[in-house]
Structures are given as structure tokens and as C-alpha cells.
Amino acid sequence: MLFMLKADDQIIGVASLTHSDIYPKEKTSKITSVGTFTNPSVEKIISLNPTLVILSSYSLNLKQKLDNFGIKTMVLKAQHLNDVKDNIKILAKITQKEKEGEKILKNFEDGLKNLEKHPLNKSAIYFYSTNPLMAFSDNSLIADILKLIGIKNLSPKSNIARPIISEEYILKQNPDLFIFGINATDKNLLDSNSLLKNTKAVKKIKSTLIKIHIYCYA
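Below is a short write-up of the structure.

What counts as what
Residues numbered from 1 in each chain as written. Predicted model: local features only at pLDDT ≥ 70, side-chain atom pairs only at ≥ 80, totals over all residues. Heavy atoms only, no water. Helix = DSSP H or I, 4+ residues; strand = E, 2+ residues; numbered from the N terminus. Expected span 1.5 Å × (residues − 1). Contact = heavy atoms within 4.5 Å. Buried < 20%, exposed > 50% of the residue type's maximum accessible area, 1.4 Å probe, protein only. Lys, Arg positive; Asp, Glu negative; His and termini not counted. Salt bridge = Lys/Arg side-chain N within 4 Å of Asp/Glu carboxyl O. Polar contact = N/O pair within 3.5 Å; in protein donor to acceptor, adjacent residues only side chain to side chain. Core = buried A, V, L, I, M, F, W, Y, C linked by side-chain atoms within 4.5 Å.

Concerning helix H5 (residues 98-116)
In an α-helix there are 3.6 residues to a turn, and that puts residues three or four apart on one side.
Working step 1: The first and last C-alpha atoms of H5 sit 27 Å apart over 19 residues, in line with the 27 Å expected at 1.5 Å per residue.
Working step 2: The inward-facing, buried residues of H5 contact helix H4 (81-94) and helix H6 (141-148).

If you want it as C-alpha cells, here you go:
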């Protein structure tokens, strides 16, 4: 978002991801690293003397440590599509890029409307993990995205973002598709969970076992 706002000159440090590069790679790779996304270095952050550190739900334990050094922090969540919209507005205001923010927000909303025009009319279980079986709940950003493109998320409603589910539950829901996140794999899935062979996702077309990576980092 900061790069889209043309505020990248205000970024002095970035945490790296273990599963992928951060877009745009050719630029983010040149920014000083402060460690990994889930385990950043407090010492490195302090040495950069930032005026603000933006945290996520994965780095809340970092807040108190930085508070002790008088470093201002802010938590940006992205649990729903509306959170993403709010984050655009917040970052635009912080970086004094309100006009750019308005354009990005409009493009974002227009893009969402275009996606709604061609619904897939399918149902799915979106796996966060396959060992144990964990799915993105129906109260999540993933669920918002699936709904937008016409895929009904059959994962249970839960206050837990990634609840553990059983193969019996999946068979009862009988989804059209299995979708795998970056922490999930279809390798040996059916060998370990034989009941899943009786779902539409497997019986109709074996190729409905698809791998999708969706990144919605602020």
C-alpha cells in the first residue's frame, strides 16, 4: 500500500516473509531488513530510530517491547475487506498522501465490483493447514474474497480465525472445491483422510484440488 501511495521513501525498514517475497520485490529487497515477519529484531528496529512501527496481529508481542523504548506503534488489521479499505485511508493520512489514497481506494472498490460480475457459483473448503485439518473460518478476509467471486465458504462460523475441522465435517458439507493456502498441501491428504474421497471435490474432477496463494498484507 505504501508503494502504491508513492510513500516508499518513508519506509526505513521491513520484515521479511518466510514463504514469499514482498511486492514489489525489486524495491523491497533493497530496504533494510529487521528480521522475519513473525520474529523481528527489536535491536535492529531501535537502531533505525523509526517515528512509527506498523504492527499486525502476528507481531503484537512486539508492542510492549517498543513501548519501553518510547517508539510509537500502530496495529493495522486485515481481517475483512473493509479493513483493507480502512488501512488505505489510514496510511494515506499518515504519509500525507490523501489524494493518492482516494484514487487507490476508488480503483480498489471498482476492482471488487468487477469481480462480482462473474460469480463462479461454487462451494469450497479453504485449507489453512492439512495436518491438522484447519480451515479459514467464515468470519475472515478469505471468506470475504470467496464470497466476492461467487464461492461459498463452507468452513464453520467461528471467532477463531483458523478453526480445526474434521474429515467428517468436510464430508457433510461436501464442497465442490478444495483450496489450499500456503501452509497447506494436498500431498497425502486423501491417504490420511480417506472420507474426503467421497466429496464432490474429489469425485467430480481430481484437478479441483487447487493451490491458491492470496496475500493481503498491509
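Comments concerning the side chain of Glu167
Working step 1: With respect to the helices, strands and loops of the structure, Glu167 is situated in helix H7 (residues 167-173).
Working step 2: Buried charge without a salt bridge: Glu167, with Lys197 as the nearest opposite-charge side chain at an N-O distance of 9.5 Å.
Working step 3: A distance of 3.5 Å separates a polar side-chain atom of Glu167 from the backbone nitrogen of Ser194.
Working step 4: A polar atom in the side chain of Glu167 sits 3.1 Å from the backbone nitrogen of Leu195.
Working step 5: Apart from the residues within four sequence positions on either side, Glu167 is in contact with Leu133, Asn193, Ser194, Leu195 and Leu196.

Focus on the nonpolar core
Soluble globular proteins tend to pack their nonpolar side chains together in the buried interior.
Working step 1: By size, the foremost hydrophobic cluster in this structure holds 15 residues, and its most contacted members are Ile125, Phe127, Ile170 and Phe178.
Working step 2: Going through the elements one at a time, strand E5 (122-130), strand E6 (133-135), strand E8 (177-180), helix H8 (189-192) and helix H9 (200-203) are the ones with two or more residues in this core.
Working step 3: Residue contacts for Ile170: discarding those within four places in its chain leaves Ile125, Phe127, Leu133, Ile165, Pro175, Phe178, Leu196 and Thr199.
Working step 4: Membership of the second largest hydrophobic core comes to 11 residues, among which are Leu2, Ala7, Leu76 and Ile88.

Side note on the pattern of salt bridges
Working step 1: Scanning the model with the defined rule gives six salt bridges in all.
Working step 2: A salt bridge links Lys25 to Asp21, with the shortest nitrogen-to-oxygen separation between them at 3.5 Å.
Working step 3: The shortest N-O distance in the salt bridge between Lys85 and Glu109 comes to 4.0 Å. With a gap of 24 residues between them, Lys85 in helix H4 and Glu109 in helix H5 connect regions that are remote in the sequence.
Working step 4: The class of Glu109 is partly exposed, set by a relative accessible area of 30%.

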